Amino acid sequence: MSNSPHSFPKALTWRKIGPKLILYPLLIITALFCLGPFLWLLSTAFKTGENVYAFPPQFIPNPISFKNFLDVFDIMPLWTYIYNTIYMTGLGVGLNLVMCTMTAYPLARIRFPGRNFIFYAIVSTMILPNAAGMIVNFIIIQKMGLYNNMLGVVLPSAISVFNIFLLRQAFITIPNDMEHSARIDGAREFKIFYSIMLPMIRPAVATVVIFDFMAFWNSLIWPVIILDDQDKYPLAPALQYLQGTLSYNFPYIAAGTIISIIPMIIIFLILQKQFINGMVGAVKG
Amino acid sequence: MAVSKEQARQTRFAYTMLAPGIILLLLFTFIPIVYGLPLAFTNYSAVDTTKWVGFKNFIRAFEDPDFWISLKNSILYVIVVPIIQLLSILMAILVNNKLRFVNFFRISYFIPVVTSMTAAAIAWKWVFEEDGILNYFLTTLGITDAPISFMADMNLALYGVMCVTIWKGLGYYMMIYLAGLQSIPSELQEAARIDGAGRWKVIWHITIPLLMPFVMLCSLLSVMGAIRVFDEIYVMHGPKGDPASATLTTSIYTYKISFQDYNFGYGAAVGLVVSLLIMVFTLLLFKYTRKGGMNYYE
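Cut-off values and rules
- Residues numbered from 1 in each chain as written.
- Chains lettered and ligands numbered in written order.
- Predicted model: local features only at pLDDT ≥ 70, side-chain atom pairs only at ≥ 80, totals over all residues.
- Heavy atoms only, no water.
- UniProt positions renumbered as here; feature names shortened; annotations may be inferred.
- Helix = DSSP H or I, 4+ residues; strand = E, 2+ residues; numbered from the N terminus.
- Rg over C-alpha atoms; globule rule 2.2 N^0.38 Å.
- Buried < 20%, exposed > 50% of the residue type's maximum accessible area, 1.4 Å probe, protein only.
- Contact = heavy atoms within 4.5 Å.
- Buried area = accessible area lost by both parts, 1.4 Å probe.
- Salt bridge = Lys/Arg side-chain N within 4 Å of Asp/Glu carboxyl O.
- Polar contact = N/O pair within 3.5 Å; in protein donor to acceptor, adjacent residues only side chain to side chain.
- Nonpolar A, V, L, I, M, F, W, Y, C, P; charged D, E, K, R; others polar.
- Axes fitted to C-alpha atoms, helices over the stretch in contact; angles between N-to-C directions.
- Left-handed = near helix turned anticlockwise from the far one by under 90°.
- Domains from an automatic or database assignment.

Under an unreviewed UniProt entry, the name given to chain A is Sugar ABC transporter permease, and the source organism is Paenibacillus selenitireducens. For the record of chain A, the UniProt heading Sequence similarities (unreviewed entry) holds the text "Belongs to the binding-protein-dependent transport system permease family."

On a plain count of helices and strands, chain A comes out with 14 helices and 0 strands. For chain A, the sequential pattern of α-helices and β-strands runs α-α-α-α-α-α-α-α-α-α-α-α-α-α. Its C-alpha atoms give chain A a radius of gyration of 26 Å, clearly above 19 Å, the size a compact globule of 285 residues would have. Seen along its three principal axes, the alpha-carbon backbone of chain A occupies a region of about 80 × 70 × 40 Å. Among the 285 residues that make up chain A, the fraction classed as buried is 52%.

With an omega dihedral of 0°, the bond running from Asn62(A) to Pro63(A) counts as a cis peptide bond. Along the chain, the position of Pro63(A) falls in the loop between helix H1 (7–45) and helix H2 (67–75). Here Asp242(B) and Pro243(B) are connected by a cis peptide whose omega angle stands at -10°. Relative to the elements of secondary structure, Pro243(B) occurs in the loop between helix H12 (231–237) and helix H13 (250–260).

The subject of this paragraph is the interface of chain B and chain A. Taken together, the contacts link 84 residues of chain B with 97 residues of chain A. In total, chain B and chain A occlude about 8,400 Å² of area from one another, counting both sides; carbon and sulfur atoms represent 78% of this. Where chain B touches chain A, the interface holds 1 salt bridge. In this structure, Arg9(B) and Glu189(A) form a salt bridge, with 3.7 Å as the shortest nitrogen-oxygen distance. Seen at the junction of chain B and chain A, the total is 11 residue pairs in polar contact (both at pLDDT 80 or more). Looking at the side of chain B that touches chain A element by element, the count peaks at 25 residues for helix H1 (residues 2–39) of chain B. Partitioned by chemical class, the residues of the side of chain B that touches chain A number 61 nonpolar, 17 polar and 6 charged.

For the coordinates displayed, the defined rule picks out 5 salt bridges over all chains. The shortest N-O distance in the salt bridge between Lys67(A) and Asp71(A) comes to 2.8 Å. You can see Lys67(A) and its partner Asp71(A) sitting in helix H2, 4 residues apart, about one turn around the helix. When salt bridges with common partners are traced through the structure, they connect Glu189(A), Glu6(B) and Arg9(B) into a single cluster.

Turning our attention to the packing of helix H3 (residues 78–109) of chain A against helix H10 (residues 202–217) of chain A. Residue and element names in this part refer to chain A. Running from N to C, H3 and H10 cross one another at 145°; their axes reach a closest spacing of 9 Å. For the pair H3 and H10, the sense of crossing is right-handed. Taken together, the residues of H10 that come into contact with H3 (itself represented by Thr 85, Ile 86, Met 88, Thr 89, Gly 92, Val 93, Asn 96 and Leu 97) are Val 205, Val 209, Asp 212, Phe 213, Phe 216 and Trp 217. Its residues assigned to classes, the contact of H3 with H10 comprises 9 nonpolar, 4 polar and 1 charged.

Once that is clear, we can look at the UniProt feature "transmembrane region" (unreviewed entry) in chain A. All names here are of chain A. Mapped onto the present numbering, the UniProt feature "transmembrane region" (unreviewed entry) falls at residues 21–42, 81–105, 117–141, 153–171, 192–217 and 250–271. In this annotation, residues 81–105 is assigned 100% helix and 0% strand; the end-to-end C-alpha distance for the span is 36 Å. For residues 192–217, the end-to-end C-alpha separation is 32 Å, with 96% helix and 0% strand making up the annotated structure.

With that settled, consider the domain arrangement of chain A. Residue and element names in this part refer to chain A. Per the domain assignment, the segments of chain A are domain 1 (7–45) and domain 2 (71–284). On the domain 2 side, the residues contacting the 5 residues of domain 1 number 7 residues. Carbon and sulfur atoms supply 92% of the area that domain 1 and domain 2 bury against each other, a total of about 500 Å² over both sides. Ranking the residues of domain 1 by area buried against domain 2 places Leu 41, Thr 44 and Ala 45 at the top, with a combined share of 72%. Where domain 1 touches domain 2, the interface holds 0 salt bridges. Summed over the shared surface of domain 1 and domain 2, the number is 0 residue pairs in polar contact (both at pLDDT 80 or more). Tallied by class, residues from the side of domain 1 that touches domain 2 come to 4 nonpolar, 1 polar and no charged.

Below is the structure:
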């Protein structure tokens, strides 16, 4: 509180810098907490031999070794797991896109007898308790002869009521003029759906693709239930299975786990806006 | 005449489009809902011939100490809900500041949300090791004398899993709260600041009350997630909820009897009881909210 001419600008700079001196450390500590376990796993994946259990722990491995990332492909059939994951995710997302848009479109844009009944019957399943869902689905998949088959893993989630609801809302908002002009041009119904209406709801389709991509890529227990051979496992179940049998050599598991999450993180970093808007927007309704 | 022909054509088109989806929904959504109820009153399993057994499955559950342990653990698990809400609100307030690089931090907080629970649980298991990094910090900082076994100690195992659940959910709820913060006018907070209220006072008395609708929505999502907790326990403590049923929750219990012992009838009965439990919790939460009709995605 001195009267010197310098005190005023000094206070000003303190007010500008002060909060930053508190906020940035807080932001960094939170980031370390949120990324810490993965960073520690990454660090472990680059270690070999005694360095893994070194005391005090090496935060940055010395030397950094890529050996685990190469060896892990020999230790476990990692390419098979990667292929299985891509196959399962591709099939799941693809089927959802086709099934959900085809189901949502008539419910939103076409007048036909029974429309409201079908729509309310579908929506009611979102509220009704599905206590034995997994059990009955398992029995049905078994009766269909799809046990130990990737189709059996994907089929029960090949259509989602939530997606239908979301896509129907999007189809409803398209102005009628588009449809009328196409109809005057003599376009067939399916062509109107496929080449005019579908491109109009790209943001909703993106949300559906992101949700389903995440759900299938990360799914753990349903593949474990349906698949009998470990060779058919996608990454998540395979890693969960191997972490028990390979626990004596954790760096391999660490390398495998890092490899399994990298595609998801890359896609998230590319499509971050769509991810966050889709996931937050979907619950805000 | 032309109109009705056109109508018939449209109807045919609509049903053709709907058919594949409806068949899948009938098979994997409607039938399970309808068939799940009678299933709970049978002894349907991998070995026996299926018979109607009345309430036997329910009595068996109520007489099984493991069922009660799983119920207790699942209810106890709901304590993650207020912790997640408080931490994610604070994080949202933190990243709501206009700072350089703030978007980088938002994105990094969201990364646990998009990665698989399997990977997260494996990473955390490694952190929790007896000679792991967390124990190194705790002993070096002098917080504990001897390493703590977060995985094997019966009294700690469940709380260890809770840490993973909380950690993985923070980024998601933070983003919802951030959207909430950005939708409330900043004049109120500014006015309170001018009137001399401290930063924390403003957060506690103005920001959080204004966020209440979002808190309710997030709590609801979080309660449903907490009661269904499965993946993190399965990866960290296996299908039996080790050590000694310390991490046995209703989902793990249902999984064990359904897909390890293949007692489908019994599994359906336990599932039914759990569904009722979830409904009670949801209704309790709805009692405190006026807004309904929200949709969610697991």
